[in-house]
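In case you want the letters, here they are:
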Amino acid sequence: MSQNPQETPVPAKTLLANLAANAYSDAWEAKKRGEKVGWCASNFPQELTTTLGVKVVYPENQAAAIAAKGGGLGHCEHAEGLGYSNDICAYARINLAFMDRQSCEEMNMPMPDFVLCCNNICNCMIKWYESISRELNIPFILLDVPYNSEFETDDDTLEYMWAQFQYAVKQLEEITGKKWSEKRFKEVRDISLRTSRAWLKAAGYCQCEPSPLNGFDLFNHMAVAVCARGTVEAAEAFEKLAEEYAQAAKEGASTYKGEQKFRILFEGIACWPYLRATSAPLKENGVNVTATVYATAFGFLYDDNPLSMMRAYTHVPNAISVERAARMRIDVGRRNKIDGAVIHNNRSCKLWSGIMPEIDRRIQAELKIPTVTFDGDQADPRNFSEEQYKTRIQALVEVMTENKKGKKQ
């Protein structure tokens, strides 16, 4: 990404937007060349496909984009017309509708020749991807990640996962005709680690006061951490993002416009159909999001041991014990100096939302901060009330205001 010194530097957000778009255009080009292209779960180890040079696209990313562009309701209703219950994940319904239609205006992507699935996200993923495999008569590759009720992942689980990973390599070699390279695998792991470190470093500038970024920026940038983590271009773009935040922190500047009166944790997946509706009441009250585990969950850190890489994929938010899940939120909240928390009761993601009452209780107990919950959905617009959300935010602001007055006294 070397640039002519006389050229205007390209901001990191532009580089990241281009990388996210390229993930789809590259897949389309591969499809035109006659190569096999897959649909892949967001937390499936991208090291596998990147090493083989196999192009994949991510239905979750596409569903979020469709929802953010206003197409979520139409797709959900189409899937329900096919017989899929509206109780299942809205990402699944949007993608299953797209599978039936095979095209859409909001964000198109090539149809798959195989699917890569993992259940460290949820077990709904398995049935969702099984449906795709059955309907399209294409191979289904699964990496089973056992739910971990303990704080640490045991060695037997890691060995089990590594054996599956190696089998998935053989399956994908047979499907695509491409050959595995241990040397390339090592290179991809090194690049992925570099990308993850840069992404987490950039997000870490939320600790500054004032924060040099609007926390909702992380929701916009995280797509690259999903779809291009194993590329040098992604590593360089996130490193540039971290540099920009560092400079902004020195200057006291921020992408958050206005006075930052309060700092909060935004817990859960974003309401993609209502990004403006969820961000505007915060901004109006001087509230900035300085903590989230959703975006930073795609920073995977590990060492040269492949089992270490497997361990990283057992630490995603939906695959861990309540104790570890609570510790993630409490630690980031303490580091990033939050005054309160907004918790999304997400109808689509029942596994994530199901443990939230206990997580909420522990956050309040350890950090001594107020919290509020709101009902919503990551992609189905029917499950969100803008007025309810505004009321909850106003209530939170009132309590945080009183708390600040008390501290001053």
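What counts, and where the lines are drawn
Residues numbered from 1 in each chain as written. Predicted model: local features only at pLDDT ≥ 70, side-chain atom pairs only at ≥ 80, totals over all residues. Heavy atoms only, no water. Helix = DSSP H or I, 4+ residues; strand = E, 2+ residues; numbered from the N terminus. Rg over C-alpha atoms; globule rule 2.2 N^0.38 Å. Contact = heavy atoms within 4.5 Å. Areas by Shrake-Rupley, 256 points an atom, 1.4 Å probe, with all protein chains shown as cover. Lys, Arg positive; Asp, Glu negative; His and termini not counted. Charge placed at Lys NZ, Arg CZ, Asp CG, Glu CD. Salt bridge = Lys/Arg side-chain N within 4 Å of Asp/Glu carboxyl O. Axes fitted to C-alpha atoms, helices over the stretch in contact; angles between N-to-C directions. Parallel < 35°, antiparallel > 145°, perpendicular 65-115°, else oblique. Left-handed = near helix turned anticlockwise from the far one by under 90°. Nonpolar A, V, L, I, M, F, W, Y, C, P; charged D, E, K, R; others polar. Pairing = 2+ DSSP bridges. Patch = residues over 30% accessible without salt bridge, like charges linked within 9 Å, V, L, I, M, F, W, Y side chains within 5 Å. Phe/Tyr/Trp six-rings, centres within 6.5 Å; stacked < 30°, edge-to-face > 60°. Buried < 20%, exposed > 50% of the residue type's maximum accessible area, 1.4 Å probe, protein only. Lys NZ or Arg CZ within 6 Å of the ring centre and 35° of its normal. Polar contact = N/O pair within 3.5 Å; in protein donor to acceptor, adjacent residues only side chain to side chain.

Enquirer: I tried to follow the overall build of the protein on my own but got confused; where do I start?
Expert: Within the protein one finds 16 helices and eight strands. Radius of gyration (C-alpha) of the protein: 21 Å, near the 22 Å computed for a compact globule of 409 residues. On the principal axes, the C-alpha backbone points of the protein span a range of 70 × 55 × 45 Å. When contacts within the protein are restricted to residue pairs at least 6 apart in sequence, those whose partners lie at least 24 apart make up 79%. Summed over all atoms, the accessible surface of the protein reaches about 17,600 Å², with 49% contributed by carbon and sulfur. For the protein, the distance from the average position of its 48 positive side-chain charges to the average position of its 53 negative side-chain charges is 4 Å.

Enquirer: Would you explain the pattern of salt bridges in this entry?
Expert: Pairs can form between side chains of opposite charge once their charged atoms are near each other. Summed over the entire model, instances satisfying the criterion amount to 27 salt bridges. A salt bridge links Arg 327 to Asp 331; its shortest N-O distance comes to 3.3 Å. Of this pair, Arg 327 and Asp 331 both sit in helix α13 (residues 322–335), four residues apart, roughly one helical turn. In this structure, a network of salt bridges that share partners links the residues Glu 80, Arg 93, Asp 380 and Arg 382.

Enquirer: What exactly am I supposed to notice about the packing of α13 against helix α15 (residues 356–367) here?
Expert: Each pair of packed helices can be summarised by the angle the axes make with each other and by the distance between the axes. Put simply, α13 and α15 touch, their axes get as near as 10 Å, and they point 45° apart. Taken as axis vectors, α13 and α15 run oblique relative to one another. Handedness of the α13/α15 crossing: right-handed. In this structure, α13 uses Val 322, Glu 323, Ala 325, Ala 326, Arg 327, Arg 329, Ile 330, Gly 333 and Arg 334 to contact α15, whose residues at the interface are Met 356, Glu 358, Ile 359, Arg 362, Ile 363, Glu 366 and Leu 367. The class makeup of the residues in the contact of α13 with α15 is eight nonpolar, one polar and seven charged.

Enquirer: Any chance you could explain the sheet that holds strand β2 (residues 56–57) here in plain terms?
Expert: Strands belonging to one sheet form pairs held by backbone hydrogen bonds; the direction of such a pair is parallel or antiparallel. Ordered by their spatial adjacency, four strands build an open sheet running β2-β1-β3-β4, and the pairing between neighbours is parallel. Across the chains shown, the open sheet's two edge strands, defined by having one partner strand only, are β2 and β4 (140–143). The sheet contact formed by strand β1 (residues 38–40) and strand β3 (residues 114–118) spans three bridges and is parallel. Within the sheet, the bridge partner assigned to Trp 39 lies in β3 and is Val 115.

Enquirer: Would you explain a negative patch on the surface in this entry?
Expert: The grouping of Glu 150, Asp 154, Asp 156 and Glu 159 at the surface amounts to a negative patch. With respect to the helices and strands, the residue Asp 154 is situated in the loop between β4 and α7 (155–176).

Enquirer: What's the story with the packing of helix α11 (residues 275–284) against helix α16 (residues 386–408) in this structure? I'm lost.
Expert: The geometry of α11 relative to α16 is characterised by a closest axis approach of 10 Å and an angle of 25° between their N-to-C directions. Considering their axes alone, α11 and α16 lie roughly parallel with respect to each other. For α11 against α16, the interelement crossing comes out right-handed. Of α16, the residues touching α11 (which contributes Ala 277, Thr 278, Pro 281 and Leu 282) are Glu 386, Tyr 389, Lys 390 and Ile 393. In terms of residue class, the contact of α11 with α16 is made up of five nonpolar, one polar and two charged.

Enquirer: I keep staring at the packing of aromatic side chains and nothing clicks. Help me out?
Expert: Two aromatic rings, taken as a pair, are described by how far apart their centres are and by the angle between their planes. Following the criterion strictly, the structure yields 20 aromatic pairs and no others. Both rings, one in Phe 219 and one in Tyr 294, keep their centres 5.8 Å apart while their planes meet at 50°; by these two values the pair is tilted. Highlighted residues: Phe 219 in helix α9 (residues 216–227) and Tyr 294 in the loop between β6 (287–291) and α12 (306–313), separated in sequence by 75 residues. The same class applies to Phe 219 and to Tyr 294, which are both buried. A ring pair is formed by Phe 374 and Tyr 389, whose centres lie 4.8 Å apart and whose planes are at 85°; its orientation type is edge-to-face. Within this pair, whereas Phe 374 is found in strand β8 (residues 371–376), its partner Tyr 389 is found in helix α16, the two being separated by 15 residues in sequence. Assessed through its relative accessible area of 1%, Phe 374 is described here as buried. The ring of Phe 185 carries the charged tip of Arg 189 above its face, separated from the ring centre by 4.4 Å. Arg 324 extends its terminal NZ or CZ atom over the ring of Phe 151, reaching a point 4.8 Å from the ring centre.

Enquirer: Help me understand the sheet that holds β6, please; the structure alone is not making it clear to me.
Expert: If you walk across this open sheet you meet the four strands as β6-β5-β7-β8, and the pairing is parallel. Each end of this open sheet is capped by a strand with a single partner; those strands are β6 and β8. Geometrically, the sheet is characterised by an average inter-axis angle of 35° between neighbouring strands, direction not taken into account. Across six bridges, the pairing between strand β7 (residues 340–346) and β8 is parallel. In the sheet register, Asn 345 faces β8, and the bridge partner there is Asp 375.

Enquirer: Where do I start with the side chain of Thr 371 in this structure?
Expert: With respect to the helices and strands, the residue Thr 371 is situated in strand β8. For Thr 371, the side chain forms a polar contact with the side chain of Asp 360, separated by 2.6 Å. Here the side chain of Thr 371 touches Gln 364 through a polar contact of 3.0 Å, side chain to side chain.

Enquirer: Explain unusual backbone geometry here, please?
Expert: With the exception of glycine, most residues fall at negative phi, and the peptide bonds are largely trans. Here the bond from Glu 209 into Pro 210 is cis, since omega is -5°, no more than 30 degrees from zero. With a phi angle near 55°, Lys 337 is a residue other than glycine that sits in the positive phi range. Checked against the element boundaries, Lys 337 lands in the loop between α13 and β7. A positive phi is found at Lys 368, a non-glycine position, where the angle reads about 55°. In this fold, Lys 368 is placed in the loop between α15 and β8.

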